[in-house]
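One-letter residues, chain by chain:
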Amino acid sequence: MKSSPGRPSERPPTRCLVEGVARILEKEPRVEAVTVRPGDASVSIATLGRREDPDLNERVKGLLAEMRAGDGAETCGLLTGKGDCSVCDNPPHESVRAQIHITQNPHATTLARVSCPTAPRFWHWKSLPLPKFVPREVDFHDDDEHFDEWKLQLLGAALCGAFTLGAVLAQPPLSLPLFLAAYLAGAWFTAKEVWELLQARRLDVHFLMLAVAAGSGAIGEWKEGAILLFLFSLAGALEHYAMGRTQKEIRALHRGAPKTATVLANDGVESERPVEKLVAGQRLLIKPGVLFPVDAEVVQGRTAVDESNMTGESAPVEKTVGDQVLAGTLNLWGAVEAVALRPASESALEKIIRLIREAQHQKAPSQRFTDRFGTRYTYAVLALTFVVFLFWWLGAGAPPMLSTPSTPSAFYRAMTLLVVASPCALVLSIPSAILAAIASAARKGVLFRGGVAVERLAEVGCVALDKTGTLTTGDLVVQSVEGFPPGCESELLALAVSLERLSTHPLARAITRHGKRLGVLPVALEAFESVTGQGLKALHAGSPVRLGRREWVCADVPEQIPIPWAEPDAGVSEVWIRGNGAVGRLVLRDELRSESRATLRALEQAGLSIVVLTGDRESAAGALRERLGLRDVRAQLTPDQKVAAIREMTAAGTRVAMVGDGVNDAPSLAAAHVGVAMGARGSDAALEQADVGLMHDRIENFLFAYQLSRRARSVIRQNLVVSLGTVLVLATLALFGVIPLTVGVIGHEGSTVLVVFNSLRLLFACQNSTPPSPG
């Protein structure tokens with residue numbers, strides 16, 4: 001069928017596995033390979049790095065389901081497991097086959113990108129089985145309606161408690177309507193959740209609680225059932241409050257996202273524009289008291305910026321020409337003009353929000369264990385409850401349903417066991433702690449890629465760090481400008497700025513930024529040319545100007561001009577400039593972060609070994625070793641050699657956390673037990689491979705992340721001891737029939753509330769942490 005004019009024809013859904021995977025690889029750059037197992041109708045996908053993407057998983061499953069459905073699905077030999085592409089009625093085009101490497105065995109087919117042989121070493125496989133049982137999940141909502149739902153649940157619990165108290169004090173027949181009102185108020189929200197799950201053919205612990213309450217009412221134990229619903233609804237309200245408190249910390253980041261910006265046209269006319277419409281290079285006017293709409297560079301004016309919502313730093317930060325500002329930070333007192341560096345969707349603020357959303361849905365290994373354990377445990381409790389009922393009825397001679405004044409019924413004892421053995425606290429013990437840790441870290445500018453990262457960071461024994469951009473600022477600073485003969489420094493700086501403003505090299509950016517701060521005006525140049533491996537040259541007023549390496553710039557300098565030929569100090573870079581009869585040198589240094597030394601000392605005191613992996617020359621590495629007091633600094637390493645060093649330490653039994661920022665650090669981050677990226681100015685490749693992102697490039701935040709990770713692990717262990725210990729004690733007592741249902745309910749719900757509030761302590765880790773003092 002031909003497409004209508006002006007409208008591209010829609011691409012029909014494919015029934016060919018090769019073409020379908022080719023589409024996946026085309027649309028999803030992170031996917032490296034797909035394995036299909038027709039026997040159990042399951043699929044696995046391989047991605048670079050350990051980060052899981054639930055949306056990606058769903059898209060892949062949806063496409064495969066589309067290919068398996070409808071006419072023609074049975075004709076794909078690979079999809080059905082009946083052969084290869086030769087048996088298909090419509091085999092894929094050769095151009096498509098050329099992009100895919102196919103590996104088959106009797107049980108599975110793997111289709112992968114055509115890439116280098118070493119690529120599979122960095123793949124992370126994620127299986128996508130068809131789910132048969134889904135344990136209770138902690139829900140996350142971004143809308144305001146759900147953030148305050150705990151208040152309505154608390155109101156329901158209060159009404160349930162009030163009606164229960166009234167029913168206990170009242171006399172029949174008034175007590176029964178009050179008990180029914182208590183049941184309605186206490187079960188309202190729980191019943192809604194259970195109904196939604198039943199429609200999806202799923203059960204969780206909420207269903208068990210309702211079943212116990214209904215059973216209590218059926219045998220006339222209205223008081224015990226009402227008390228159960230009161231405590232259960234109260235615990236549910238407190239649980240939602242805790243999760244809402246965690247979400248509130250994350251939602252505060254959304255409030256820091258401006259909606260509009262003032263754009264300056266070339267003629268100076270101001271206009272308001274939605275932030276999402278801004279593009280890199282636009283000139284913006286930011287007035288006092290206004291949030292910066294996007295990441296930008298100040299080009300005119302001076303001010304102070306409140307970055308507390310992004311970095312946790314309460315002191316205002318001075319900003320002047322050449323400085324970068326972050327989206328969502330507050331301009332305090334000066335009107336400034338700034339040029340947008342990137343769209344709002346790529347700002348540091350949006351990175352934080354996006355990565356936190358991803359992290360919330362990624363489970364820690366211990367949580368996945370409790371999910372699997374909880375599933376089997378729930379079935380075991382149901383079976384044990386039935387056995388206990390039969391024992392007390394048929395074995396011990398207790399009445400089956402209705403209790404007597406002297407003997408509780410078998411059903412009553414079974415319901416008591418079911419309540420105390422239900423894994424409410426166990427289900428909440430890990431996700432509540434993980435989410436509180438993620439929220440606390442986010443306020444400090446630390447992004448954990450889910451619970452896996454939180455748990456893994458606590459396990460490391462060694463920290464490997466890159467030098468440039470990690471221990472150093474990554475921003476070269478002009479330390480001095482020297483003229484030969486002296487007195488011509490200003491003229492030479494103007495020539496250097498004029499040449500370098502046409503370049504994007506880090507040295508060029510540093511010189512240009514230095515010139516802007518000093519108010520240096522560029523001069524007119526002609527015949528600009530870049531000389532590969534040497535530098536730049538041009539003409540100024542007809543005279544040649546050169547900038548670059550000393551040997552090239554000073555090749556034929558007259559003897560009367562004194563040139564210092566000594567090598568620069570370690571850690572120092574130099575750029576030479578020659579023009580208008582004079583020669584000059586600009587000395588630049590990549591400064592160490594002021595917090596680096598104190599942070600490394602604190603990490604060593606915490607029991608971690610420190611190793612620096614750098615590509616710098618030996619002299620620079622030696623200077624770094626001396627300035628920071630390090631013992632293990634490995635210099636002149638290529639990216640492959642960095643990966644080899646990490647694997648060597650891993651093979652020796654040491655779990656390594658790698659901290660880096662550049663594209664060349666991405667393989668090392670993927671190879672480490674935990675990859676940590678400097679996220680604000682680090683490369684997207686490094687951030688993509690990292691498990692933890694330090695979004696404000698503060699090395700001291702790695703120490704905070706490590707301490708928070710260890711604290712979270714401690715809280716998780718405490719929660720597991722409380723939840724499992726409570727179940728063990730109460731279930732043992734219930735088996736022997738020595739506790740009433742009311743006591744079991746109080747103990748069960750009390751442990752749930754205790755676990756939730758114990759996890760909430762992690763939210764205050766940010767305020768209680770003390771950064772290392774520079775020294």
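The sections below set out a description of the structure shown in this document.

Parameters at a glance
- Residues numbered from 1 in each chain as written.
- Predicted model: local features only at pLDDT ≥ 70, side-chain atom pairs only at ≥ 80, totals over all residues.
- Heavy atoms only, no water.
- Helix = DSSP H or I, 4+ residues; strand = E, 2+ residues; numbered from the N terminus.
- Buried < 20%, exposed > 50% of the residue type's maximum accessible area, 1.4 Å probe, protein only.
- Contact = heavy atoms within 4.5 Å.
- Areas by Shrake-Rupley, 256 points an atom, 1.4 Å probe, with all protein chains shown as cover.
- Expected span 1.5 Å × (residues − 1).
- Pairing = 2+ DSSP bridges.
- Axes fitted to C-alpha atoms, helices over the stretch in contact; angles between N-to-C directions.
- Parallel < 35°, antiparallel > 145°, perpendicular 65-115°, else oblique.
- Nonpolar A, V, L, I, M, F, W, Y, C, P; charged D, E, K, R; others polar.

Here we look at the overall build of the chain
Looking only at helices and strands, the chain features 28 helices and 27 strands. A buried classification covers 50% of the 775 residues belonging to the chain. Sequence separation of at least 24 residues holds for 67% of the intrachain contacts in the chain that already meet a minimum separation of 6. Summing over all exposed atoms, the chain offers an accessible surface of approximately 36,200 Å²; the carbon and sulfur share of this is 57%.

Digging into helix H26 (residues 700-735)
Look at H26: 53 Å from first C-alpha to last across 36 residues, which is about the 52 Å you get at 1.5 Å a residue. Directly after H26, the chain includes Gly-737, whose backbone phi takes a positive value near 70 degrees.

Overview of the sheet that holds strand E11 (residues 317-319)
Reading across the sheet, the three strands line up as E11-E10-E13 and stay open at both edges, with antiparallel pairing between neighbours. Each having just a single partner strand, E11 and strand E13 (330-331) make up the two edges of the open sheet. Here strand E10 (residues 303-306) runs beside E11; their pairing, made up of three bridges, is antiparallel. Its bridge partner lying in E11, Ala-304 is registered against Glu-318.

Quick notes on the packing of helix H13 (residues 410-421) against helix H27 (residues 741-760)
For the pair H13 and H27, the least separation of the axes is 9 Å and the interaxial angle reads 5 degrees. Taken together, the axes of H13 and H27 are roughly parallel relative to one another. Every residue of H27 that contacts H13 at Tyr-412, Met-415, Thr-416, Val-419 and Val-420 is listed here: Leu-741, Gly-744, Val-745 and His-748. Partitioned by chemical class, the residues of the contact of H13 with H27 number six nonpolar, three polar and no charged.

Some words on the environment of Pro-408
Looking at the secondary structure, you find Pro-408 in the loop between helix H12 (365-395) and H13. The class for Pro-408 is partly exposed, based on a relative accessible area of 28%. Sequence separation of Pro-408 and Pro-740 is 332 residues, and the distance between their C-alpha atoms is 9.0 Å. Discounting chain neighbours no more than four positions away, the residues touching Pro-408 are Ala-398, Pro-399, Ser-403 and Arg-413.

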